[in-house]
Amino acid sequence: DINANGGRDDNAPQMGAEVDEIEVNIALDELLGLRGPILGVVRNLIWLLVFNTAYVGVFAFAPSKLGDAIYHLFGEFAKIEEAVYRIPVLGYIAEGIKATSSRLVERNKEADLVYKPCQLAKIALGYLFVSFSVFIVRGTMRVILRLVYLWRHAGDSAGTREDSGVREDAGDMEFAIRDPARRREEVEEARMADDGSLHGAIENACAIVKVVVLLFIKMLILPLLLGVWLDLATLPLFERTWNDRIDDAGNDLFGSVLLHWVAGITFMLLVTVSVLQLREVAHPAVLASVVRPQEPQPDLLGNLLQEGGTTHARRVLLSLGIYAALLGIHIWFPSWLLLRYDLGKHLPLFRPRFWHVVMPRVQIPVELFAFHICMLGVLERYKNNIGAVQHHWLRFMGGYLGITRQILPHEVSGFKFLGALPVFTRDATENQLEYSPALGARDVIDEDLFGERNGDVFPLWNAISEARHVERRQEIIRAIIASSSCFADSHLGPQTTGKIVYGTVSRDGRRLLKSHICIRLPTSTSTSVTGAKGRSRGDRRGAAGAGRLIPTVVGPYRLKQGRMERKKEGNGGRKTKRVTCIEIWKEVQGRPIPRPPEGWDDLGIGGAERHGRWAWGDEELSSIENGVAARLPFLVDPNASRLSRSVALLRLSAKAVFLLVASWVAITAVLIASLNGPLWCGRFSLYLMRVPDKRVHDPFAFALGLLVLTPGVLTCARLVSASSDGPGGVPSLVTRWIRTSFRPGHFLGGGGRKESTLVTFLLLWLPPWPPPL
């Protein structure tokens, strides 16, 4: 068995794995009673019963008894109930809860189910009391430890002052100015020294309660609440009342709770996926800094424990408000319109048909579980298609309203030359020097930059170098560009205003006009203007100390060092002089960038720079985001008159309202079609198969309709993706296919197989259709 390679056995790892597997199989056989004496099986069975009994007693029986005791304790205080009923809002809510619970208990008694609502309520009340008790004990212990620490520290400080003869006021001052971080450390040391393992046990209990409560609220209460709201919003369309829902819950409590939970969690998933897709579809300056992307959670429990209760409460309330607003806009309001104009009776969704093969209390949970699993799989596979539809919709509406460059990301196809200005004031013309006071640029550029404080550098470059924000620099450049006389006397030889260059693309995806990241202004007239390429932070600081820096990228504008010709009158006639200048270029937006990228939502290793999504916070930008052109502002001319800006603002508001209303109509139409179209198609397919109406089951009919309609929907999606103009180019593709497939002279006689196949299909399938009854 020992080979010649150093006496090592190459099969040792494989043999070790086989031995471990054999040991596991033997232990499993002994546990199940297949090996060993019969007394071992009896012992294992007894331990199993003991563990199950202890589990039920600790996690069900004890909380139920505790909740029962708390309920009877508070029931003795009748004044509390009277005080609650006197408050207008709370009294109305309390009366509704009391009436609902009473009717639910009555129906549950009639159904004679194993689990009772009152028992579940007592268990929940017991857990709630335990949770509050743990946090109260923790807070009380912290206060006691704090008081003990302060008492001990005050005694130690007094003894030290008496021994050293230091004045009491000086000691108080020293205690007051002590480092807060050191004081916190001493408090923690005092806690651990005083309480020992008790403090650790309480902290661990608080951590467990915190995680359980957060998961309970986010994963159960929030979806269940949204499901109940969904049901309330659509009850009139089903011609049902709240009492009918209570009766259904009394007959099958688990099925009712599961139904509302599945409805709520499905709504949450659809909203979350749609919002995340819209974040990636729109320009990164629109939603990327507002909507947080989906991030990997390798330590979910640690993140829950690190963040405070206030942070979690704020997030839950914000999410609940967003979900409630979207539910009211996209569910309640369309339901009200359908009810107002009596259109619900024409939709099969609101006239459901059910046929239960087995017990409804068994079949309904199984179908809901299957639906939830299928919904998760469909969203996981086709969620990028939602983003593609959003991209085509915004591109279509943006082109119609003229706001595509404001809401969608575009490529940088090149740079357009706007003009150039000299670096030094002595090389500027009279028009350029008189431009600032004439156009009121002193409101844009500080007064002292026109003086001699910064030497004889042109005031524009001084203002840009001292501006701290990109918006301020863009405002200065736009104010300069607004005057055509500013560049009137600028001659750059081969360069002409309006010329477009394409630049170069760097490794990180940026399209650059030049490789320099900044231009260093001279400190005197004898210092030349230099460009600073990509260098380290320390080098840039050194360059900043030697001269002021101007970034070459200012929003959509690019700055570039150059030389221009200036004609000057002299004794010998008119002379031409070449002076140093800085050229001003602007991005030229190209085609819209197709979004979202494939695999952007991958939760593996890497962030935005790897997966191509828009960056969040301090993340490194991806190559796609680096190549995105700056978003065109909605108010392009900030220097216009107040009347012009008001008119532009009104037009912009009208466009925004029209876009929102059109999007609402489109979403409502898609929801109605996606919920009723497959159901109608499935019912029609069952009708063709001569299935009686009493045997029609709408969940099965909906699945059957999806199978029938999916090929057609996928074909339309491929046509849209193949079209270069989105949905608007689909008719041209279909027309081109008809022209190439059904050519003249080839129909049914010239060897046209496509035509013969089509006619044969129609003859075989259309005549056997059964006549309507």
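Note that the structure is predicted; figures quoted are calculated from it, not measured.

What about the confidence of the model for the protein chain?
Here is step 1 of the chain: Counting all residues, the mean pLDDT for the protein chain is 76, and 72% of those residues have values of 70 or more.
Here is step 2 of the chain: Across residues 1-6 the pLDDT falls below 50, and counting only partners more than four positions away or on other chains, this stretch makes four contacts in the model.
Here is step 3 of the chain: Long-range and interchain partners of residues 161-178, a stretch whose pLDDT sits below 50, account for ten contacts in this model, where long-range means more than four residues apart.

So, helix α23 (residues 698-722)
Here is step 1 of the chain: Its 25 residues place the ends of α23 35 Å apart at the C-alpha level, agreeing with the 36 Å of an ideal helix rising 1.5 Å per residue.
Here is step 2 of the chain: The largest bend along α23 reaches roughly 40° and is located at Leu709, with the proline Pro711 sitting one to four residues downstream.
Here is step 3 of the chain: Within the span of α23, buried status applies to Asp698, Ala701, Leu704, Gly705 and Val720.

Concerning the pattern of salt bridges
Here is step 1 of the chain: Evaluated as defined, the whole model comprises 18 salt bridges.
Here is step 2 of the chain: Taking the shortest distance from any N to any O, the salt bridge between Arg103 and Asp247 comes out at 3.1 Å. With Arg103 in helix α4 (residues 88-111) and Asp247 in helix α9 (residues 242-251), this residue pair connects regions lying 144 residues apart in the sequence.
Here is step 3 of the chain: The exposure class of Asp247 is buried, given its relative accessible area of 15%.

Comments concerning the pairing of strand β1 (residues 410-422)
Here is step 1 of the chain: For β1, a buried count of ten out of 13 residues is recorded, marking the element as mostly surrounded by other parts of the structure.
Here is step 2 of the chain: Pairing analysis gives two bridges linking β1 to strand β2 (residues 500-501), with the strands arranged antiparallel. What sits directly across from Lys416, in β2, is Ile500.

A few points about the packing of helix α8 (residues 197-234) against helix α13 (residues 309-340)
Here is step 1 of the chain: Two elements in contact, α8 and α13, have axes whose closest approach is 10 Å; the angle formed by their N-to-C orientations is 15°. When the interaxial angle is binned, α8 and α13 end up roughly parallel. In this structure, α8 crosses over α13, and the sense of that crossing is right-handed. Packed against α8, whose contacting residues are Lys210, Leu214, Ile217, Lys218, Leu222, Leu225, Leu226, Trp229, Leu230, Ala233 and Thr234, the element α13 presents His312, Val316, Leu320, Tyr323, Ala324, Leu327, Ile331, Trp332 and Ser335 at the interface.

Considering a nonpolar patch on the surface
Here is step 1 of the chain: Together, Ile38, Leu39, Val42, Ile46, Trp47, Val50 and Phe51 line one region of the surface with nonpolar side chains, adding up to about 760 Å² of accessible area.
Here is step 2 of the chain: Its location among the elements puts Ile38 in helix α2 (residues 38-75).
Here is step 3 of the chain: Given the relative accessible area of 63%, Ile38 is considered exposed.

Describing the nonpolar core
Here is step 1 of the chain: Membership of the largest hydrophobic core comes to 22 residues, with the highest contact counts inside it found for Leu460, Trp461, Ile464, Leu521, Ile550, Leu559 and Ile582.
Here is step 2 of the chain: Those elements giving two or more residues to this core turn out to be β1, α17 (459-466), α18 (470-481), β9 (557-570) and β10 (573-592).
Here is step 3 of the chain: Sequence-distant contacts of Ile464, defined by excluding residues within four places in its chain, comprise Arg473, Ile476, Ile477 and Ile550.
Here is step 4 of the chain: Of all hydrophobic cores here, the second largest spans 16 residues; its members include Leu222, Leu230, Trp261 and Ile265.

A look at the side chain of Asp698
Here is step 1 of the chain: Tracing the sequence through the fold places Asp698 in helix α23.
Here is step 2 of the chain: Of the polar contacts made by the side chain of Asp698, one reaches the backbone nitrogen of Arg353; its length is 2.7 Å.
Here is step 3 of the chain: Those residues within four positions of Asp698 in sequence are excluded, and the remaining contacts are Arg351, Pro352, Arg353, Leu679 and Arg683.

Re the packing of α13 against helix α22 (residues 642-688)
The relative placement of two packed helices is expressed as an angle between their axes plus a distance between the axes.
Here is step 1 of the chain: Packing of α13 against α22 leaves a shortest axis separation of 11 Å and a crossing angle of 75°. Relative to α22, α13 is oriented roughly perpendicular. Of the residues in α22, those in contact with Ile329, His330, Phe333, Pro334 and Leu337 of α13 are Trp664, Ile667, Thr668 and Leu671.
Here is step 2 of the chain: Within the contact of α13 with α22, the residues separate by chemical class into seven nonpolar, two polar and no charged.

Digging into unusual backbone geometry
Here is step 1 of the chain: The phi angle at Glu239 is positive, at roughly 55°, despite the residue not being glycine.
Here is step 2 of the chain: With respect to the helices, strands and loops of the structure, Glu239 is situated in the loop between α8 and α9.
Here is step 3 of the chain: Classification of Glu239 by relative accessible area gives exposed; the value is 60%.
Here is step 4 of the chain: One non-glycine residue, Arg690, lies in the positive phi region at around 60°.

Thresholds applied
- Residues numbered from 1 in each chain as written.
- Predicted model: local features only at pLDDT ≥ 70, side-chain atom pairs only at ≥ 80, totals over all residues.
- Heavy atoms only, no water.
- pLDDT = per-residue confidence, 0-100.
- Contact = heavy atoms within 4.5 Å.
- Helix = DSSP H or I, 4+ residues; strand = E, 2+ residues; numbered from the N terminus.
- Expected span 1.5 Å × (residues − 1).
- Bend = angle between axes of the 7 residues up to and from the residue.
- Buried < 20%, exposed > 50% of the residue type's maximum accessible area, 1.4 Å probe, protein only.
- Salt bridge = Lys/Arg side-chain N within 4 Å of Asp/Glu carboxyl O.
- Pairing = 2+ DSSP bridges.
- Axes fitted to C-alpha atoms, helices over the stretch in contact; angles between N-to-C directions.
- Parallel < 35°, antiparallel > 145°, perpendicular 65-115°, else oblique.
- Left-handed = near helix turned anticlockwise from the far one by under 90°.
- Patch = residues over 30% accessible without salt bridge, like charges linked within 9 Å, V, L, I, M, F, W, Y side chains within 5 Å.
- Areas by Shrake-Rupley, 256 points an atom, 1.4 Å probe, with all protein chains shown as cover.
- Core = buried A, V, L, I, M, F, W, Y, C linked by side-chain atoms within 4.5 Å.
- Polar contact = N/O pair within 3.5 Å; in protein donor to acceptor, adjacent residues only side chain to side chain.
- Nonpolar A, V, L, I, M, F, W, Y, C, P; charged D, E, K, R; others polar.

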